[in-house]
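Here are the chains, one letter per residue:
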Amino acid sequence: MASAPIKFGVGQSVRRKEDDALIRGKGRYTDDVAPQPALHALVLRSPHAHAKFTIDVAKARALPGVAAILTAEDVKDLGDLPCLFNLEDNPFTGPPYPILPKDEVRHVGDAVAFVVADSIDHARDAIEAIEVNWTPLPAVAGVANAIKPGAPQVWPGHPGNVLFDVGIGDKKATDAAFSKAHAVAEIRIVNPRVVTNFMETRAAVVEYDAKRDHLTMTVGSQGSHRLREIIGGMVLKMPLEKMRVICPDVGGGFGTKLFPYREYALLAVAAGKLKKTVKWTADRSEHFMGDAQGRDNVTTARMALAEDGKFLAMDVDLIGDMGAYLSTFGPYIPHGGAGMLPGLYDIQTFHCRVRTVFTNTVPVDAYRGAGRPEAAYVIERLVDAAARKLGMTPDAIRRKNFIPPKALPYKTVTGKVYDSGDFAAHMKRAMEVANWKEFPKRAKAAKKEGLVRGIGMASYVEICGTMGDETANVALDPNGDISILIGTQSSGQGHATAYAQLVAEQFGVPPERVHVLQGDTDRIATGLGTGGSASIPTGGVSVQRATHELGNKLKEIAAQALEASA
């Protein structure tokens, strides 16, 4: 009996459940959903980074095939796109993020009209026929420029373009430690802005059922429930039972597909108004101008050093670019990421100034680690700078300052608790695997060939699995297969394979007899979706516990039938 679970269990090499359909072109992505006859939508976007405008759509509305053109006037009763983060100690009030701006755009790609027509070509004709009178205004890009005196203002209510300017840690103690330091290492680094660029651009289809006054949205997202709560509940202000959200196959997310976007609300309004199905798919250029981007921090970091290389204190000035509007979690990213700046080092005294700044650019939000990779990059670059300052090797200075195993569990100066780890040992092993000692020989050989060879080291620790509670439902089907209903959402990570292995390990069934359903608010009661590397730490644990509970129930039923003990 023991061999079956081992064969398919966690950690075993099994054939991925998802791949057969995908490599044969049988995947079902949002753009493959084509209810007929569907109308097609396009967005008219600003060519200016900052401008006042007036818009006239009368001529465009009269063109053949045009079903509707929505402007700010048509969606003025909708709620704004919300920012779901605030500071507890210093709450801020962000500017409005309207579904369509009324008379002022604040970044290239800002949406000004939504066209619905019987074909993409007719929609394009209408986009070109819309008359917009632009009055360009001064614009600013880059946080270093945005905080300069006299810089163009993105929002009148946020002087100096600053949303918040707060401190983390103890400034007084940090300043005192620096005043007594033997030496100070300092770096200024830019974590540049990045575009996600997933393989499948964002797309959505909204169907309207007039009999039930009900909307069904099919969308490539990282979570159906959160999208329904925000777009249905907060923006459209409708009862949630009047909206169903379905996520089919999703071709990459990386954080950026987690958020609600304007197009989803506009599709819902258009479908309800026209009582027809409306479909929209972003093209690649539109993705660069309309989807939240990532990173974009400018950081100055200093380390106060003792003569023997011990870290006395760390001081950081971190400026995060928000773009023109506050995306869902935007302000959290630099502020939350700052908590990881001490890394794996025993730093007792710390201060970080965090500023979030508006610029006339696409909004910035969570992307691939969301603030934690930025923090790791800063501390590791700073540690290398400290080693150079004191003439130490990069491994010696790390060995000197890593949190020692005997200090664990260890609470960092920013309040994070590390429960386990031997950081010097993992560095030692990495150096062995990399054949670190022999590197000078390899560098010398490369130089003879006219090549430059380098080597470096970095340690990384991340907070994962912190999205919140996740619910899994595991059921035995009439044919003996097992079905999992769960609120996480795969966007290419292989959830179906991983969850099937958890079930296979406990029940000894082959993974092909385990079926995973995600991304449907009608079939699954609750769900957080996927983000922050949370699916296995929370979703996987829920699947395992639900499987265990199902096993116990089946044992009780079998015990009664067989008149034996469970």
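Parameters at a glance
- Residues numbered from 1 in each chain as written.
- Predicted model: local features only at pLDDT ≥ 70, side-chain atom pairs only at ≥ 80, totals over all residues.
- Heavy atoms only, no water.
- Helix = DSSP H or I, 4+ residues; strand = E, 2+ residues; numbered from the N terminus.
- Rg over C-alpha atoms; globule rule 2.2 N^0.38 Å.
- Buried < 20%, exposed > 50% of the residue type's maximum accessible area, 1.4 Å probe, protein only.
- Contact = heavy atoms within 4.5 Å.
- Areas by Shrake-Rupley, 256 points an atom, 1.4 Å probe, with all protein chains shown as cover.
- Lys, Arg positive; Asp, Glu negative; His and termini not counted.
- Charge placed at Lys NZ, Arg CZ, Asp CG, Glu CD.
- Axes fitted to C-alpha atoms, helices over the stretch in contact; angles between N-to-C directions.
- Parallel < 35°, antiparallel > 145°, perpendicular 65-115°, else oblique.
- Left-handed = near helix turned anticlockwise from the far one by under 90°.
- Phe/Tyr/Trp six-rings, centres within 6.5 Å; stacked < 30°, edge-to-face > 60°.
- Lys NZ or Arg CZ within 6 Å of the ring centre and 35° of its normal.
- Pairing = 2+ DSSP bridges.
- Expected span 1.5 Å × (residues − 1).
- Core = buried A, V, L, I, M, F, W, Y, C linked by side-chain atoms within 4.5 Å.

### Quick notes on the overall build of the protein
(1) Moving on: For the protein, the helix and strand inventory stands at 16 helices and 20 strands.
(2) Moving on: Over its C-alpha trace the protein gives a radius of gyration of 27 Å, about what one expects of a compact globule, namely 24 Å for 566 residues.
(3) Moving on: Projected onto its principal axes, the C-alpha coordinates of the protein cover approximately 85 × 75 × 55 Å.
(4) Moving on: By the burial criterion, 52% of the 566 residues in the protein qualify as buried.
(5) Moving on: Long-range pairs, those at least 24 residues apart, make up 81% of the contacts in the protein with a sequence separation of at least 6.
(6) Moving on: On the protein, roughly 26,400 Å² of surface is accessible, and the fraction owed to carbon and sulfur atoms is 53%.
(7) Moving on: Each charge class in the protein can be summarised by its mean position, and for the 66 positive and 64 negative side chains these summaries are 5 Å apart.

### Some details on the packing of helix H12 (residues 394-401) against helix H13 (residues 423-433)
(1) Moving on: At a closest axis distance of 10 Å, the pairing of H12 and H13 adopts a crossing angle of 160°. As the angle between them shows, H12 and H13 are arranged roughly antiparallel. Judged by the twist between their axes, the crossing of H12 over H13 is left-handed. Side by side, H12 and H13 meet where Asp395, Arg398 and Arg399 of the first sit next to Ala424, Met427 and Met431 of the second.

### A word on the packing of aromatic side chains
(1) Moving on: Across all of its chains, the model carries 13 aromatic pairs by this definition.
(2) Moving on: Ring geometry for phenylalanine 53 versus tryptophan 134: centroids 5.5 Å apart, planes at 45°, classification tilted. In this pair, phenylalanine 53 sits in strand E2 (residues 51-56) while tryptophan 134 sits in strand E6 (residues 131-136), placing the two residues 81 residues apart along the sequence.
(3) Moving on: Among the residues examined, phenylalanine 53 registers a relative accessible area of 6% and is labelled buried.
(4) Moving on: Under the relative-accessibility criterion, tryptophan 134 is labelled partly exposed at 24%.
(5) Moving on: Taking the ring centre of phenylalanine 198 as reference, the NZ or CZ of lysine 257 above it sits at 4.2 Å.
(6) Moving on: Positioned above the aromatic ring of phenylalanine 178, the side-chain terminus of arginine 302 is 4.2 Å from the ring centre.

### Some thoughts on the environment of glycine 323
(1) Moving on: You can see glycine 323 is positioned in strand E14 (residues 311-323).
(2) Moving on: Residue classification places glycine 323 among the buried positions, given a relative accessible area of 0%.
(3) Moving on: A C-alpha to C-alpha distance of 25 Å links glycine 323 and glycine 529, two positions 206 residues apart in sequence.
(4) Moving on: The contacts of glycine 323, once residues within four sequence positions are left out, are Arg193, Val357, Phe358, Thr359, Thr361, Val362, Pro363 and Val364.

### Let's talk about the sheet that holds strand E4 (residues 104-105)
(1) Moving on: The strand order E4-E2-E6 describes an open sheet built from three strands, whose pairing is antiparallel. Unpaired on one side and paired on the other, E4 and E6 mark the two borders of the sheet.
(2) Moving on: Summarising the sheet, E2 and E4 pair through two bridges and their orientation is antiparallel. Residue pairing in the sheet places alanine 51 in a bridge with valine 105 of E4.

### Here's the deal with helix H7 (residues 224-235)
(1) Moving on: An ideal rise of 1.5 Å per residue puts 16 Å on 12 residues; H7 measures up with 15 Å between its terminal C-alpha atoms.
(2) Moving on: Those residues of H7 that fall on the buried side of the exposure criterion are Ser224, His225, Arg226, Leu227, Arg228, Ile230, Ile231, Gly232 and Val235.
(3) Moving on: Looking at the buried positions of H7, the neighbouring elements they touch are strand E10 (214-219), strand E11 (243-246) and helix H8 (262-274).
(4) Moving on: Once H7 ends, the next one or two residues include lysine 237, with phi positive near 55°.

### Focus on the nonpolar core
(1) Moving on: Counting 107 residues, the largest nonpolar core has Phe114, Leu215, Ile231, Phe311, Met314, Leu341 and Cys352 as the members making the most contacts within it.
(2) Moving on: Contact partners of methionine 314, with chain neighbours within four places excluded, come to Thr174, Phe178, Arg302, Met303, Leu341, Pro342, Ile347, Thr349, Phe350, His351, Ile379 and Leu382.
(3) Moving on: Ranked by size, the runner-up nonpolar core spans 19 residues in total, among them Val57, Val112, Ala113 and Ala129.

### Brief notes about the side chain of glutamate 380
(1) Moving on: Tracing the sequence through the fold places glutamate 380 in helix H11 (residues 372-390).
(2) Moving on: A residue is classified by how much of its surface remains accessible, and glutamate 380, at 6% relative accessible area, is buried.
(3) Moving on: Ignoring sequence-local partners within four residues, the contact set of glutamate 380 consists of Tyr345, Arg398, Met457, Ala458 and Ser459.

### A closer look at the sheet that holds strand E20 (residues 514-517)
(1) Moving on: Pairing in this open sheet of three strands is mixed, and the strands run E18-E19-E20 from one edge to the other. Both edges of this open sheet fall to strand E18 (472-476) and E20, since each of them pairs with a single strand only. For this sheet, the mean angle separating the axes of adjacent strands, direction not counted, is 20°.
(2) Moving on: For E18 and strand E19 (residues 482-486), the ladder comprises five bridges, and the chain directions are antiparallel. Counterpart to asparagine 473 in the pairing with E19 is leucine 485.
(3) Moving on: Contacts between helix H15 (residues 495-507) and the sheet are confined to E19 and E20, with E19 contributing the most and set at about 130° to the helix.
(4) Moving on: On the sheet, helix H16 (residues 535-562) packs against E18 and E19 and is oriented at approximately 35° with respect to E18.

Spatial relationships are all this shows, so hold off on functional conclusions.
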